Protein chains: 2
Amino acid sequence: MAEIVNVAVDAMGGDNAPGEVVKGAAEAVNADKRVKVFLVGREPVIKEELKKYNYDVERLEVIHADEVIETGEPPVMAIRKKKESSLVKCMYLVKDGSCDALVSAGSTGAVLVGGQIIVGRIKGVERPPLAPVVPNINGVSLLLDCGANVDARPSQLLQFAKMGSVYMESVIGVKNPRVGLVNIGVEEEKGNALTKETYPLLHNCPEINFVGNIEARDVPMGAADVLVCEAFVGNVILKMMEGVSDALIRKIKAGMMSSFKSRIGALLVKPALKQTLKDFSTEEYGGAPLLGLNGLVVKTHGSSKSVEIKNSILQCIAFKEQKINQKIKEQVVLED
Amino acid sequence: MAEIVNVAVDAMGGDNAPGEVVKGAAEAVNADKRVKVFLVGREPVIKEELKKYNYDVERLEVIHADEVIETGEPPVMAIRKKKESSLVKCMYLVKDGSCDALVSAGSTGAVLVGGQIIVGRIKGVERPPLAPVVPNINGVSLLLDCGANVDARPSQLLQFAKMGSVYMESVIGVKNPRVGLVNIGVEEEKGNALTKETYPLLHNCPEINFVGNIEARDVPMGAADVLVCEAFVGNVILKMMEGVSDALIRKIKAGMMSSFKSRIGALLVKPALKQTLKDFSTEEYGGAPLLGLNGLVVKTHGSSKSVEIKNSILQCIAFKEQKINQKIKEQVVLED
């Protein structure tokens, strides 16, 4: 029988906590027997929520935590001061080996800081990138870094490319993933100081399948499976993806409501459109891993519903079974 | 009577040259009596194209140029070597004062380099930003810099903010335009070294209406009228706008064709959708000005059709009549 994967879940993090988080945890436990969840947060409210669901009590434990880290709090301060918070307790469960992974929909800054300060980096990893999947017309790409590590160095981008390739191949299941360097032109000599120095490092790295520079326009077209960039650019790409989609869909909906004829048409296309928009969302892939840590830290969207919480928990199974951190140690760090 | 605005047009630049460029020039001349166009390029082909249109021959001249700068050519080399190219000849027409402005759909790199080397910067302007308008759900914003000037300094971003405000108010007609600094969070302390240093400069500048940091997600929502960033980020924003729109529209069209019911619906919503997508395009605003030069250089999209060429030519009228360069000299450079 497969080994149990122990996942700590920050029951108090996110816009829909604890309701949707607790629901997602129960769903994950019911979906896969290989997972055990530790719901960390205010025990009375979590237990109240849990009454709504049937689940295997052997694989869902509640661990009490008094404090909650709010989204607006300065991350470093919050992690240092709030030792009794649900997030910090989750971090320590991973650090001391009680859990293999943690999932939080809470403050991105606090997750990034806590991951580095408490869980800690794999020796040799310069920076742990936050690596969400982003939709494209054919599937998804892994975008890294989207974290708080701005002003990155070329050697760090090389590590992002290697770690991203390992994750994309072993967890998402894309064989020999194509790595692209996000740039402002496809020619080798294009870009800023960072991309110009990074290009030859990626080009000369035999362990990755580097396909060259990728312009932002080709990101949604799926021009690469692993998109390498520093965190400021990664953040802009991720948020433009959301913002342009939202704006366009809002426009299209308003446009369809503009005449009687188009309102009838809208009723007829609605089911097909709904499916299309679902295809262009990433909720089924779970959250964004913070790669290169001694354990797995997964950040899910602040607005996560139970389905994203569930999938974020389930993705921890592949992460452990595929021995991602072992691969990072062997393929990324030792090679440097 | 208003003064004539003389515009040099690179008849050989762009994917649809010379056909659409010549057509757009004729349309511009017919649309506004204040404009005179100098079509620069291979005289025989231009004259052949011109036979298709009726226009005031007093306000449309052809100037022969033997050479053409291709899109793939290294810009600096092309500008230096191809003295007889249509683009370089346009640049000299502006430099020597024969023309007020030039419009080109040709190589962006060559336009940027030629603008700086031949037309030249207004004294005191550190860098001339390329400033396209980008659509948002309520109208348009001006995005600068989208040029080749990567790795910018804070003082340059301050100048971009001032020049962008002048242009947005005087040419696009937005009173007291809201200036936003593109960043990875809205709090003042967020960002990379560049944005952290730029924030206080913008905050303490009394001549602009600074509204703070803007996340990329809020760009398509119209959170600011003037979006300030360095060129790498500007390029990513511009190209994500195009790429996400294209990908989503392709998805939606395919979704609508997926069942008989939705195909019927698609027929009914088509006219409304077409209008919506037109609202979300920027062709009616003309091309992107390269601000801060001794004259006006307008770069239009490489795939420009006649409507964009026409509007790019017509926008030169407001630029001259509103004395943009005079305002830049008085309000941007002298204040520094």
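Model, not experiment: these values are computed from the prediction.

Some points on the pattern of salt bridges
Where charged atoms from two side chains of opposite charge come close, those side chains can pair. Under the criterion given, the structure shown has 32 salt bridges over all chains. Salt-bridge contacts for B:Glu242 lead to A:Arg217; the nearest nitrogen and oxygen are separated by 3.2 Å. With B:Glu242 in helix 8 (residues 231-256) and A:Arg217 in the loop between strand 8 (209-215) and strand 9 (226-228), this pair bridges two chains. Put simply, B:Asp56 and B:Arg59 hold a salt bridge, and the shortest N to O gap is 3.2 Å. With a relative accessible area of 30%, B:Asp56 lands in the partly exposed category.

Observations concerning the packing of helix 6 (residues 154-172) of chain A against helix 7 (residues 193-203) of chain A
Residues and elements named next belong to chain A. Where helix 6 meets helix 7, the closest approach of the two axes is 9 Å, and the angle between their N-to-C directions is 50 degrees. Considering their axes alone, helix 6 and helix 7 lie oblique with respect to each other. Remark: the crossing between helix 6 and helix 7 carries right-handed chirality. Together, Pro154, Ser155, Leu157, Leu158 and Ala161 of helix 6 and Leu194, Glu197, Thr198, Leu201 and Leu202 of helix 7 make up the contact between the two elements.

Some remarks on the side chain of A:Asn136
Residues and elements named next belong to chain A. In this structure, Asn136 sits in strand 5 (residues 133-136). By relative accessible area, which is 4% here, Asn136 ends up buried. Among the polar contacts listed, one links the side chain of Asn136 to the backbone nitrogen of Asn138, at a separation of 2.8 Å.

Here's the deal with the relation of the copies chain A and chain B
Placing chain A over chain B gives an RMSD of 0.0 Å and needs a rotation angle of 180 degrees, together with 0.0 Å of translation along the axis. Each copy turns onto its partner about a two-fold axis. Every residue of chain A has its C-alpha some distance from the rotation axis, and the shortest such distance is that of A:Gly265, at 1.9 Å. Comparing interface residues between copies, 100% of those in chain A also sit at the interface in chain B, which points to an isologous, same-surface contact.

Quick notes on the sheet that holds strand 11 (residues 296-299) of chain B
Residues and elements named next belong to chain B. Across the sheet, which stays open at both edges, the six strands sit in the order 3-2-1-4-11-10 with mixed pairing between neighbours. Because the sheet does not close on itself, it has two edges, and the strands there are strand 3 (60-64) and strand 10 (288-290). Recorded for the sheet is a direction-independent mean angle of 25 degrees between the axes of neighbouring strands. Strand direction decides the pairing type here: strand 10 and strand 11, joined by three bridges, are antiparallel. For Leu290, the partnering residue across the bridge sits in strand 11 and is Val297.

Considerations on the packing of helix 8 (residues 231-256) of chain A against helix 8 of chain B
When two helices pack together, you describe them by how their axes are tilted relative to each other and by the distance separating the axes. Between helix 8 of chain A and helix 8 of chain B, the shortest axis-to-axis distance is 9 Å and the interhelical angle comes to 45 degrees. In this view, helix 8 of chain A runs oblique relative to helix 8 of chain B, as classed from their interaxial angle. Viewed along their axes, helix 8 of chain A and helix 8 of chain B form a crossing whose handedness is right-handed. Residues A:Phe232, A:Val233, A:Val236, A:Ile237, A:Met240, A:Met241, A:Val244, A:Ser245, A:Leu248, A:Ile249, A:Ile252 and A:Met256 of helix 8 of chain A touch helix 8 of chain B, and the partners they reach there are B:Phe232, B:Val233, B:Val236, B:Ile237, B:Met240, B:Met241, B:Val244, B:Ser245, B:Leu248, B:Ile249, B:Ile252 and B:Met256. Tallied by class, residues from the contact of helix 8 of chain A with helix 8 of chain B come to 22 nonpolar, two polar and no charged.

As for the sheet that holds strand 9 (residues 226-228) of chain B
All names here are of chain B. With respect to topology, five strands assemble into an open sheet ordered 5-6-9-7-8, the strand pairing being mixed. Only two strands of the sheet have a single partner each, and these edge strands are strand 5 (133-136) and strand 8 (209-215). Direction aside, neighbouring strands of the sheet carry axes that sit 30 degrees apart on average. Inspection of the sheet shows strand 6 (residues 139-144) paired to strand 9 by three bridges, in the parallel sense. Bridge pairing links Leu144 to Val228 in strand 9. Against the sheet, helix 6 (residues 154-172) engages strand 5, strand 6, strand 7 (178-183) and strand 9, with an angle of about 150 degrees to strand 6.

Focus: the interface of chain A and chain B
Facing the 52 residues of chain A at the interface are 52 residues of chain B. Put simply, chain A and chain B have four salt bridges between them. Linking chain A with chain B are eight residue pairs in polar contact (both at pLDDT 80 or more), by the criterion used here. Every element with two or more residues in the side of chain A that touches chain B is listed here: strand 7 (178-183), helix 7, helix 8 and helix 9 (260-279) of chain A. With 21 residues, the single largest contributor to the side of chain A that touches chain B is helix 8 of chain A. The residue makeup of the side of chain A that touches chain B, split by class, is 30 nonpolar, twelve polar and ten charged.

Overview of the side chain of B:Ser170
All names here are of chain B. In this fold, Ser170 is placed in helix 6. By relative accessible area, which is 14% here, Ser170 ends up buried. A polar atom in the side chain of Ser170 sits 3.0 Å from the side chain of Lys327. Setting aside residues no more than four positions away along its own chain, Ser170 makes contact with Gln322, Ile324 and Lys327.

Quick notes on the rules
- Residues numbered from 1 in each chain as written.
- Chains lettered and ligands numbered in written order.
- Predicted model: local features only at pLDDT ≥ 70, side-chain atom pairs only at ≥ 80, totals over all residues.
- Heavy atoms only, no water.
- Salt bridge = Lys/Arg side-chain N within 4 Å of Asp/Glu carboxyl O.
- Helix = DSSP H or I, 4+ residues; strand = E, 2+ residues; numbered from the N terminus.
- Buried < 20%, exposed > 50% of the residue type's maximum accessible area, 1.4 Å probe, protein only.
- Axes fitted to C-alpha atoms, helices over the stretch in contact; angles between N-to-C directions.
- Parallel < 35°, antiparallel > 145°, perpendicular 65-115°, else oblique.
- Left-handed = near helix turned anticlockwise from the far one by under 90°.
- Contact = heavy atoms within 4.5 Å.
- Polar contact = N/O pair within 3.5 Å; in protein donor to acceptor, adjacent residues only side chain to side chain.
- Least-squares fit on C-alpha atoms with pLDDT ≥ 70 in both.
- Pairing = 2+ DSSP bridges.
- Nonpolar A, V, L, I, M, F, W, Y, C, P; charged D, E, K, R; others polar.

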